[in-house]
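Spelled out, the chains give:
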Amino acid sequence: MLGCTSCCSLHLLQPQPHTSSSFPHAPCTTTSSCSISSSSSSSSRTTLHPPTAVSPTCTSASTQPLTFNHHGDQQDDDGALLHLLRAHDTDAAFRLFSSHPNLLPSSPTTASRLLAQLSFNSNNPNSFSRAATLLHHLRTRGALSLLDANALSLAAAAAARSGNARLAHSLLLYMLRQGLLPDRRAYTAAVARLTPPTKALRLFDAVLRHLRDAPRDDLLSPSSCLPDTAAFNAALSACADAGDCRAFRRLFDAMAADWGAAPDALTYNVVVKMCARASRKDLVARVLDRILCSGLAPCATTFHSLVAAFVGFGDIPTAERILQAMREGRKDICLLLRAVAVEAESAIADAEQRPSDAALLDDIVINPKLSLSEQSTQNEEEEVPLLPKAYPPNARVYTTLMKGYMNAGRVNEVVVMLRAMQREGETSPASRPDHVTYTTVVSALVTAGYMDRAHAVLDEMAAAGVPANRVTYNVLLKGYCQQLQMSKARDLFRDMAAAGIEPGVVTYNTLMDGCVLADDTAGALALFNEMRSRGIAPSTASYTTLMKALATSGQPKAAHRVFDEMERDPGVAVDRAAWNMLVEAYCRLGQLEAAKQVVARMKARGVRPDVATYGSLAKGVAAARKPGEALLLWEEVKERCPEDADEELLEALADVCVRAAFFKKALEIVAAMEEKGIAPNKTKYKKMYIEMHSRMFTSKHASQARQDRRRERKRAAEAFKFWLGLPNSYYGSEWRIEPLVGEDDYDPS
């Protein structure tokens, strides 16, 4: 173990500059004239155009430009900035803005056009950083009101595409608060990428609510703000990810009835995902039938969704049959799926139980006028709908089935399928293995512990002309780290750089975790600092992994400094795992009071302690040799999380109580363990009792008063010995902690 030496200093743990990623409380300086009903600018507030079409007149006429009396040439600078933008010299315009970021732009036209042109074609974090910088400065100045709906929509769409969905979400909410209607492409991109999915659904509902409340004239011309099928598909996908059948049914019914957005094949692909999430195999098997009966043509993604659903159910044989039918070019796959549906419905009937949300999804897939049994009968009598063409399987479908084999531990089948795809790819390029396929094979081999075979796949990829990506290398690195082969992990890390693949935060987190497993605290800290020096922003897992390394090496104060750094980092959120790791760091050394102070801060911040928190505290109580604290901790556990208490927590508390001769509490705890189906280690407790307490209550010189005081403890000790199976005074009678009934009070009836 490393001590807290200079090699583990935190001199590079400095906060990195961050652009503002959200505007939850952006100052609102617009007046009522900025509402969506402004006659002269309603069109400009709802349409989304490329920067070449953004005219100087597409800003709100009611918004007054900012003036700066102490800068006589400020208007000239703003005019020069606008001239560069109209000449489409965006780079020069941004340089001019950067020279006076606190003053420029000063007019609505210039501000909106600059943001629009910076956002256009910004599809990655690096290209969008300039637009984010402009937004940050405008927000700092309280000048967001200079921006019109067109520019804000472009910025929100670009933010979502570049991976900053949080910023897109904040921009869209700001627009709604200002009475501006965002373009549908902006909120569709945000809804499709926001996490958690419940957050995406709240945003979509907020947009629909504002659209319903908007004046009709603003919605007729133009209509680019109204949701289309793609927008609803994104929202329905969020419902499926959240497992929210009620919201799914509500939006599915509203998309055509209220907004004129007819479901398409992609909509029904999402229906497959929703039914799979709701464990409705019977409905999944009928979706293809519904697509064809609706006059729609399925797409390749439809069959991928079906295979993925059955793989998720663990029904590998059905997934294999679908894949084989696709390979044979069959057009009657609905016949195969009908048999699966009937079998699934029979299983539900035999169990006499249907999922509670069945009625919400049934009408989407089957004829709403027919019951499931009537639908099954009708399907048997009707001619099976045929596919409009053959759909040969592509690499994505093969890879999905391959993942099913991997999850089932069938590594050989994974490799066999790879060879089959390679042979088939010679005549059918769509079936040729891609980087996802090879990464799946690598992951399966790593999981099985075949690191040499997994590494050989890299050479195979190179020979096939399929370049490995960062994910492939991360999977291999994780395998080496888990097997404590850190030298090979470092060699692979160098090979990764030689191949021109930049490591990411997951790469560094994986290597840091390997250092933790190898007790290399200095290595973990060096990797963290290297990551920061390369401009890679640490994630929450980065901080907690480094804290774990320092806690393991007995450096709780250093871990606390990392925690403080994490709290100051605006790019991460301090979660319960980080708090628990800090508690663990202090408890490992028995610094119970410091750990309790952390828990108090944790509660004050609204973070509720969980089983891991209490488990660390129990270990801290044992290390600090303060058994009285164990009694208080046990009472809090019973009050706060009796159902969640696990074996590790209960065993730690029981150990403390047995060592301290708190046999009554020890019996309570082991009884709780047995109620949860956890078998206490009686052999361990027998050894502890014999070694520590076998000579209890044997003193012949104790006073009568002292003997009376310890009578209850003696009875608890005898009860505990009875539970252990040691000789005690309870043999031949029913043991219990309460005092035995006196002989005179005994009532045989």
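Cut-off values and rules
- Going along each chain's sequence as written, the residues are numbered from 1 onward.
- Under the rules for a predicted model, residues below a pLDDT of 70 receive no local features and side-chain atom pairs below 80 are neither given nor counted, while totals for whole chains, interfaces and linings still include all residues.
- In computing side-chain values, all of the structure's heavy atoms are included and hydrogens and water are not.
- Numbering of helices and strands starts at the N terminus; helices are DSSP runs of H or I of at least 4 residues and strands are runs of E of at least 2.
- Only protein chains enter the area calculation, which uses a 1.4 Å probe; residues under 20% of their type maximum are buried, those over 50% are exposed, and those in between are partly exposed.
- Should any heavy atoms of two residues lie within 4.5 Å, those residues are counted as being in contact.
- For accessible areas, the Shrake-Rupley method is used with a probe of radius 1.4 Å. Any residue's cover is judged against the shown protein chains and nothing else.
- pLDDT is defined as a per-residue confidence score from the predictor, taking values between 0 and 100.
- We call two N or O atoms a polar contact when they sit within 3.5 Å, provided that within protein one can donate a hydrogen and the other can accept it, with sequence-adjacent residues counted only if both atoms are side-chain atoms.
- The angle between two axes is taken between their N-to-C directions and runs from 0 to 180 degrees, where each axis is a line fitted to C-alpha atoms and a helix contributes only its stretch in contact.
- Comment on the angle field: the value is read as roughly parallel under 35 degrees, roughly antiparallel over 145, roughly perpendicular from 65 to 115, and oblique elsewhere.
- Should the near helix be turned counterclockwise from the far one by less than a right angle, the crossing is left-handed, whereas a clockwise turn marks it as right-handed.
- Classes in brief: Ala, Val, Leu, Ile, Met, Phe, Trp, Tyr, Cys and Pro nonpolar; Asp, Glu, Lys and Arg charged; the others, Gly included, polar.
- Take the residue count of a helix, subtract one, and multiply by 1.5 Å to get its expected span.
- Aromatic pairs are defined between Phe, Tyr and Trp rings, using the six-membered ring for Trp, whenever the two ring centres lie within 6.5 Å; interplanar angles under 30 degrees are classed as stacked, those over 60 as edge-to-face, and all others as tilted.
- By definition here, charges over rings are those cases where NZ of Lys or CZ of Arg is within 6 Å of the ring centre and within 35 degrees of the ring normal.
- Pairs of cysteine sulfur atoms within 2.5 Å are identified as disulfides in what follows.
- When a carboxyl oxygen of Asp or Glu is within 4 Å of a side-chain nitrogen of Lys or Arg, the pair counts as a salt bridge.

Structural notes on the overall build of the protein chain
Counting secondary structure elements, the protein chain contains 38 helices and zero strands. The 749 residues of the protein chain split such that 50% are buried. Restricting the contact set of the protein chain to residue pairs at least 6 apart, pairs at least 24 apart contribute 70%. For the protein chain, the accessible area works out to roughly 34900 Å², and carbon and sulfur atoms hold 51% of it.

Structural notes on the confidence of the model for the protein chain
Per-residue pLDDT for the protein chain has a mean of 83; in total, 80% of the residues score no lower than 70. Mean pLDDT in the protein chain bottoms out at helix α19 (residues 372-381), which sits at 52, and peaks at helix α10 (residues 229-242), which reaches 97. Predicted confidence is poor over residues 368-372, with pLDDT under 50, and the contacts of this stretch with residues over four places away or in other chains come to ten contacts. The model gives residues 730-749 a pLDDT under 50, and that stretch makes 24 contacts with residues more than four places away or in other chains.

A closer look at the side chain of D148
Position of D148 among the secondary structure elements: in the loop between α4 (125-141) and α5 (149-161). The buried category is assigned to D148, whose relative accessible area is 4%. At 2.8 Å, the side chain of D148 and the backbone nitrogen of A151 are in polar contact.

Some remarks on the packing of helix α26 (residues 505-517) against helix α28 (residues 540-552)
For any two helices packed against each other, the geometry is given by the interaxial angle and the distance between the axes. Viewed as axis vectors pointing N to C, α26 and α28 meet at an angle of 15°, and their least axial separation amounts to 9 Å. Accordingly, the angle class assigned to the pair α26 and α28 is roughly parallel. When you trace α26 past α28, the crossing you get is left-handed. For the pair α26 and α28, contact is made by V505, N509, M512, D513 and V516 and by A541, S542, T545, L546, K548, A549 and T552, respectively. Of the residues in the contact of α26 with α28, the class split is six nonpolar, four polar and two charged.

Examining unusual backbone geometry
Leaving glycine out, the prevailing phi sign among residues is negative, and the prevailing peptide bond configuration is trans. Along the chain, L104 connects to P105 via a cis peptide bond; the corresponding omega equals -10°. If you trace the backbone, P105 turns up in the loop between α2 (90-99) and α3 (108-119). Of note, the bond from T195 into P196 is cis; its omega dihedral lies within 30 degrees of zero at -5°. Within the secondary structure, P196 is located in the loop between α7 (184-193) and α8 (197-213). Phi at S279 takes a positive value of approximately 60°, unusual for a residue other than glycine. Inspection of the secondary structure assignment puts S279 in the loop between α12 (265-277) and α13 (281-284). A relative accessible area of 52% places S279 in the exposed class. Its identity as a non-glycine residue notwithstanding, L484 has a phi of 60°, on the positive side. Its location among the elements puts L484 in the loop between α24 (470-482) and α25 (486-498).

Quick notes on the side chain of R286
If you trace the backbone, R286 turns up in the loop between α13 and α14 (287-293). With a relative accessible area of 4%, R286 lands in the buried category. Separated by 2.9 Å, the side chains of R286 and E345 make a polar contact.

Describing the packing of α7 against α10
The interhelical angle for the contact between α7 and α10, taken along N-to-C directions, is 20°, at an axis separation of 8 Å. Relative to α10, the element α7 is oriented roughly parallel. Here α7 runs over α10; the crossing is left-handed. Where α7 approaches α10, its residues Y187, T188, V191 and A192 are matched on the opposing element by A230, A231, A234 and A235. In terms of residue class, the contact of α7 with α10 is made up of seven nonpolar, one polar and no charged.

A few points about helix α15 (residues 300-313)
Each α-helix turn comprises 3.6 residues. Residues three or four places apart therefore point the same way. With 14 residues, α15 should reach 20 Å at 1.5 Å per residue; the first-to-last C-alpha distance of 20 Å fits that figure. For α15, every residue scored as buried is listed here: T302, F303, H304, S305, L306, V307, A309, F310 and V311. Just beyond α15, the residue with positive phi is G314, at close to 80°.

Here's the deal with the environment of C657
Residue position: C657 is located in helix α34 (residues 647-659). Residue C657 is classed as buried on the basis of its relative accessible area of 1%. With 30 residues separating them along the chain, C657 and P627 place their C-alpha atoms 6.7 Å apart. Leaving out residues up to four positions away in the same chain, C657 has contacts with L631, F662, K665, A666 and I669.

Observations regarding the packing of aromatic side chains
Applying the stated criterion across every chain, the model contains 15 aromatic pairs. One aromatic cluster in this structure is built from F663, Y685, Y689, F720 and W723. When the ring centre of F94 is taken as reference, the NZ or CZ atom of R130 above it lies at 5.3 Å. Directly above the aromatic system of Y450 lies the positively charged group of R453, at a separation of 5.1 Å from the ring centroid.

Thoughts on the state of the cysteines
In the structure shown here, the tally under the stated rule is zero disulfides. Note on C481: no disulfide assigned, nearest cysteine sulfur contributed by C515 at a separation of 7.2 Å. Overall, C481 belongs to the buried group, its relative accessible area being 3%.

Quick look at the pattern of salt bridges
Inspection of every chain in the model, using the stated rule, returns 37 salt bridges. Across the pair D241 and K273 runs a salt bridge, and its minimum N-O distance is 3.3 Å. Highlighted residues: D241 in helix α10 and K273 in helix α12, separated in sequence by 32 residues. Exposure remark for D241: the relative accessible area of 40% places this residue in the partly exposed category. K684 is paired through a salt bridge with E651; the nearest N and O atoms lie 2.7 Å apart. On the criterion of sequence distance, the pair formed by K684 in helix α36 (residues 682-693) and E651 in helix α34 is long-range, its members being 33 residues apart. For K684, a relative accessible area of 23% puts it in the partly exposed group.

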